[in-house]
Amino acid sequence: MTYAPLSELSNEELRKIHNRIRQTKINVLLVGGTGVGKSSTINALFQSHEKESNAVVGEGTTPETMDIGDYELENLVIWDTPGLGDSPEKDKEHQEKIVHLLHDKDENDQPLIDLVFLILDAGSRDFSSAYTLIKDVILPNLDESDQDRILIGLNQADQAMKGHYWNKEENKPEPKLVERLNELSQTVQSRIKNDTGLDIDPIYYSAGCMMGGEVLSRPYNLQKLLSFILDRLPKKKRAAIAFNINKNETNFQSNDDNENYQEKVDKSILSSLMDYIKDIAGDIAKKVGEELKTRATDPDNIKWAITSLLSLIKKSK
Ligand SMILES: Nc1nc2c(ncn2[C@@H]2O[C@H](COP(=O)(O)OP(=O)(O)O)[C@@H](O)[C@H]2O)c(=O)[nH]1
Ligand SMILES: [Mg+2]
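Because the structure is a prediction, the values reported are computed rather than measured.

All right, on to the overall build of the protein chain then. When its secondary structure is counted, the protein chain shows ten helices and ten strands. In terms of C-alpha radius of gyration, the protein chain reaches 20 Å, essentially the compact-globule figure of 20 Å for 317 residues. Overall, the protein chain is about 55 × 45 × 40 Å in size when its C-alpha atoms are taken along their principal axes. Here the protein chain, with 317 residues, has 51% of them falling under the buried criterion. When contacts within the protein chain are restricted to residue pairs at least 6 apart in sequence, long-range pairs at least 24 apart make up 73% of them. For the protein chain, the exposed surface amounts to about 15,700 Å²; the carbon and sulfur share of it is 47%. For the protein chain, the distance from the average position of its 40 positive side-chain charges to the average position of its 53 negative side-chain charges is 4 Å.

Moving on, we come to the site of ligand 1. Near ligand 1 lie 19 residues; those nearest to it are Gly35, Lys38, Ser39, Ser40 and Asp158. Taking glycine 35, its main chain carries an N or O atom lying 2.7 Å from an oxygen atom of ligand 1. About the coverage of ligand 1: the protein hides 81% of its 580 Å² of free accessible area. For the shell around ligand 1, the secondary-structure elements that each account for two or more residues are α2 (38–45) and β9 (209–211). The residue makeup of the shell around ligand 1, split by class, is four nonpolar, twelve polar and three charged.

What follows covers the nonpolar core. Counting 59 residues, the largest nonpolar core has Leu9, Phe46, Phe117, Leu225, Ile229, Ile241 and Leu273 as its most contacted members. Broken down by element, this core gets its largest block of residues, eight residues, from helix α8 (residues 261–280). For phenylalanine 117, the residues in contact, after removing those within four places along its chain, are Val28, Leu29, Leu30, Val31, Thr41, Leu151, Gly153, Tyr205, Leu225 and Ile229. In terms of nonpolar packing, the next biggest core, distinct from the first, is built from 38 residues, Ala122, Ala160, Trp166 and Leu184 among them.

Structurally, alanine 207 can be placed in the loop between β8 (203–204) and β9. Distance from alanine 207 to tyrosine 220, taken between C-alpha atoms, is 6.8 Å for residues 13 residues apart in sequence. Apart from residues no more than four positions distant in its own chain, alanine 207 is found in contact with Ser40, Thr41, Ala44, Asn155 and Pro219.

With that settled, the discussion passes to helix α10 (residues 299–315). For α10, spanning 17 residues, the distance from its first C-alpha to its last is 24 Å, which sits close to the expected 24 Å at 1.5 Å a residue. Considered for burial, the residues of α10 that qualify are Asn301, Ile302, Ala305, Ile306, Ser308, Leu309, Leu310, Leu312 and Ile313. Where α10 is buried, its residues touch α1 (11–23), α7 (235–242), α8 and α9 (282–294).

The next thing to look at is the pattern of salt bridges. In total, this model carries 19 salt bridges according to the counting rule given. Residue lysine 90 is joined to glutamate 93 by a salt bridge in which the shortest nitrogen-to-oxygen separation is 3.9 Å. With lysine 90 and glutamate 93 both in helix α3 (residues 88–103) and three residues apart, the pair spans about one turn of that helix. Shared partners join several salt bridges into a network, and the residues in it are Asp114, Asp146, Arg149 and Lys237.

Applying the stated criterion across every chain, the model contains one aromatic pair. Here tryptophan 166 and tyrosine 220 contribute two aromatic rings whose centre-to-centre distance is 5.4 Å and whose plane-to-plane angle is 85°, an arrangement assigned as edge-to-face. Remark: tyrosine 220 occurs in the loop between β10 (214–217) and α6 (222–232) and tryptophan 166 occurs in strand β6 (residues 166–167); sequence separation between them is 54 residues. Taking the ring centre of tyrosine 276 as reference, the NZ or CZ of lysine 236 above it sits at 4.7 Å.

In this section: unusual backbone geometry. You will see that tyrosine 165, though not glycine, has its phi angle at about 60°, which is positive. Here tyrosine 165 lies in the loop between β5 (150–155) and β6. Classification of tyrosine 165 as partly exposed rests on a relative accessible area of 36%.

Time to look at helix α5 (residues 175–196). Its 22 residues give α5 an end-to-end C-alpha distance of 31 Å, which sits within 8% of 32 Å, the value for a rise of 1.5 Å per residue. The set of residues buried in α5 consists of Leu177, Arg180, Leu181, Leu184, Ser185, Val188, Gln189 and Ile192. The arc enclosing the buried residues of α5, seen along the axis, measures out at 165°, which places them on a common side. The exposed residues of α5 that point more than 90 degrees off its buried face are Pro175, Glu179 and Asn194. Those residues of α5 that are buried are in contact with β4 (115–121), α4 (128–138), β5, β6, β7 (172–173) and β8.

What counts and what doesn't
Residues numbered from 1 in each chain as written. Chains lettered and ligands numbered in written order. Predicted model: local features only at pLDDT ≥ 70, side-chain atom pairs only at ≥ 80, totals over all residues. Heavy atoms only, no water. Helix = DSSP H or I, 4+ residues; strand = E, 2+ residues; numbered from the N terminus. Rg over C-alpha atoms; globule rule 2.2 N^0.38 Å. Buried < 20%, exposed > 50% of the residue type's maximum accessible area, 1.4 Å probe, protein only. Contact = heavy atoms within 4.5 Å. Areas by Shrake-Rupley, 256 points an atom, 1.4 Å probe, with all protein chains shown as cover. Lys, Arg positive; Asp, Glu negative; His and termini not counted. Charge placed at Lys NZ, Arg CZ, Asp CG, Glu CD. Near = heavy atom within 4 Å. Polar contact = N/O pair within 3.5 Å; in protein donor to acceptor, adjacent residues only side chain to side chain. Nonpolar A, V, L, I, M, F, W, Y, C, P; charged D, E, K, R; others polar. Core = buried A, V, L, I, M, F, W, Y, C linked by side-chain atoms within 4.5 Å. Expected span 1.5 Å × (residues − 1). Salt bridge = Lys/Arg side-chain N within 4 Å of Asp/Glu carboxyl O. Phe/Tyr/Trp six-rings, centres within 6.5 Å; stacked < 30°, edge-to-face > 60°. Lys NZ or Arg CZ within 6 Å of the ring centre and 35° of its normal. Arc of directions from axis to C-beta.

Have a look at this one:
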């Protein structure tokens, strides 16, 4: 069943909305040493919505030209750069790629990169190359107004104490591990603040681990991670990511629950979608807005509006 006010959108209007969303690209610069879980993170969070099988992001071939993202999932373009901890020559090459991308502009003359996502291994003790990278490579090449586009993830939270204090049954950290992870976030935050004056609140999570189709550990804090990602994207772009969110809902189930991240994500996407509707069909957007306001306390209502709209838009092709 379709969310009532949305059924008034004509096919023509839906097609226009669809086209605009399709043209909206989100460019993510992914940075982190080999093996920290960059590919796993992208695979756990996102998937293609058009291709039959989910194109798995891995150690693929590096495109020859700088104009093609390393992986592209319709709206989402991922630029993958190890950029740390390989050989000095390789590091230099990766850093040049980062600098180049940070100065690149899209067709609207806006910065190409929407989000700089630096991933660290929560089990590691030494983040010195990451600190250097932020201080000497990322920040000097980023406009001051774009500094809030940096996100730091501490992945493999389950392995931060070599697997100890990770509650496998409930898929969450025990208090001792929570303490360790919070300490780690704090350390990274203070160090960056000291080095650069920048205040970044890192998020710890697990992308999970699959081997030969077997789930060895399940993802943790991915809904939270998604809400952090959306927060850092320009508002117009948030709706575009909705099509590429992984349909496997179990990936998003376990979180620290300090906040209702699911609701945050839904509200953020809906509000961005509403902006598209407003541009194309202002009167209907108004009706949807009023309808939602009267029932805004019901998260299912929001979910329903998004699901309806996304499926209407997709059918409108
Ligand atoms: N236990 C655990 N293993 C992970 C996690 N994330 C990634 N891995 C494993 O770490 C290895 C390297 O991950 P990969 O995504 O290829 O790293 P990349 O080189 O940064 O792209 C793989 O064997 C993953 O399954 C996690 O959150 N927990
Ligand atoms: Mg990889």
